[in-house]
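# Inside the fold
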Amino acid sequence: MMQSTSVHVREEPASPHGPDLGLVAHRGSSVVGSASLWHRSTALHRGESTAFLGSIDARDAESLSALIETAAAFARATGIRTLLGPIDGSTWRTYRTVVASNGSPPFRMEPNTPAWWPDAFALAGCAPCLESRSEVDTAPPAGHEVVAIAELDAARARDGIVVHTIDRVAKDVALAALHALSMVGFVDNPLFTPLDRSSFDAAYAPLLDRVPPSLALFAFEGDAIDAAHAVGFMFGFLEPNWPSQGGPPAIVLKTIAVRPEFRGLRLGRLLLERCRIAGWALGARSSIYALMHDENRSARMTAPTARVLRRYALHARGCAP
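Residues numbered from 1 in each chain as written. Predicted model: local features only at pLDDT ≥ 70, side-chain atom pairs only at ≥ 80, totals over all residues. Heavy atoms only, no water.

### Description of the environment of V252
Here is the rule we go by: Numbered from the N terminus, helices here are DSSP runs of H or I no shorter than four residues, and strands are runs of E no shorter than two. Under the scheme applied here, a residue whose accessible area is under 20% of the maximum for its type counts as buried, over 50% as exposed, and between as partly exposed, the area being computed with a 1.4 Å probe on protein chains only. Every residue pair with non-hydrogen atoms within 4.5 Å of one another is taken to be in contact.
Relative to the helices and strands, V252 is located in strand β11 (residues 250-258). With relative accessibility at 0%, the residue V252 sits in the buried group. In sequence terms V252 and A115 are 137 residues apart; their C-alpha atoms lie 23 Å from each other. Excluding residues within four positions of it along the chain, V252 makes contact with F107, F235, G236, F237, E239, I288 and A290.

Structure (structure tokens):
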């Protein structure tokens, strides 16, 4: 006879970004799953209060379902309207499940969830929301594309907007610019919450130390290279041996942000394409347009030859009584 799964809930020590509750699933004397729940400072979803279920480790669909059910019951009792998962506290950290894949290996900074998770979320009464995708393109930048981007670069320079690689920018300026641009460039993204500067630096400083200079681009208005004059950035990295061991790398086009008042100048296109061209110059033989929300502007800037690599979703369950 199969034993039922029970879930124990415990309060977690207070910390700025840590979870509010820990959940541990038991089947008999065995631990079969765990998760964390955030509910005190989570973003609204469609104007309604939320709880976030994340840091999930589940043996099977039954244990994951039990974790979701317990989290939803807590949310309902607390007056919270919507449970979202998987999301580790905010969209600055890991979130989303993989709901479709072409079978290629995961790349760094990509969600990598078990294939059965979407079905387990569905069985627990959750529906996909905030859908996103990554696309891959194996076509090299064409000659006419390189010429067009060089002309666009020159046109923006005549307007007083100059793009610099990160080796031309002091590290403290780069981090300050990244933070400032992220706070205004992503503010309209679903579930956006501000991130304090120290937490932002802790996440991004190690990445800037490793990225090739030509794959981290900053656009500045005027001659000053400082955070106050930064109007856009593009961050990419090389993924070695992708998609096969022993093969060439891919250029992962990861994060782009432009100040809203500069978005009509095709600055996002300029930064994206300069990064892609630089990646191929460094030996990449495929381009990954990474983790784009389906409705974001960046999702409309992929190459026409790009194809869907993976699809992702965050899952939502209503908790109203």
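### Some points on helix α5 (residues 197-210)
The condition is simple: A helix is expected to span 1.5 Å multiplied by its residue count minus one. Values of bend correspond, residue by residue, to the angle between axes fitted over the seven residues ending at that residue and the seven starting there.
In this model, α5 (14 residues) spans 20 Å end to end at C-alpha, consistent with the 20 Å of a helix rising 1.5 Å per residue. Remark: the principal bend of α5, roughly 35 degrees, maps to Y204, with a proline, P206, within the next four residues. If you check which residues of α5 are buried, you get F200, D201, Y204, A205, L207 and L208.

### Observations concerning the pattern of salt bridges
Going by this rule: By salt bridge we mean one thing: a side-chain nitrogen of Lys or Arg within 4 Å of a carboxyl oxygen of Asp or Glu.
Enumeration according to the criterion identifies 19 salt bridges in this entry. Here R10 ties to E12 by a salt bridge, and the two come within 3.3 Å at their closest N and O atoms. A relative accessible area of 22% places E12 in the partly exposed class. In this structure, the salt-bridge partner of R310 is E110, at a minimum N-O distance of 2.4 Å. Placement of R310 in strand β13 (residues 307-318) and of E110 in the loop between β6 (97-101) and α2 (117-123) is noted, with a sequence separation of 200 residues between them.

Keep in mind these values describe shape, not function.
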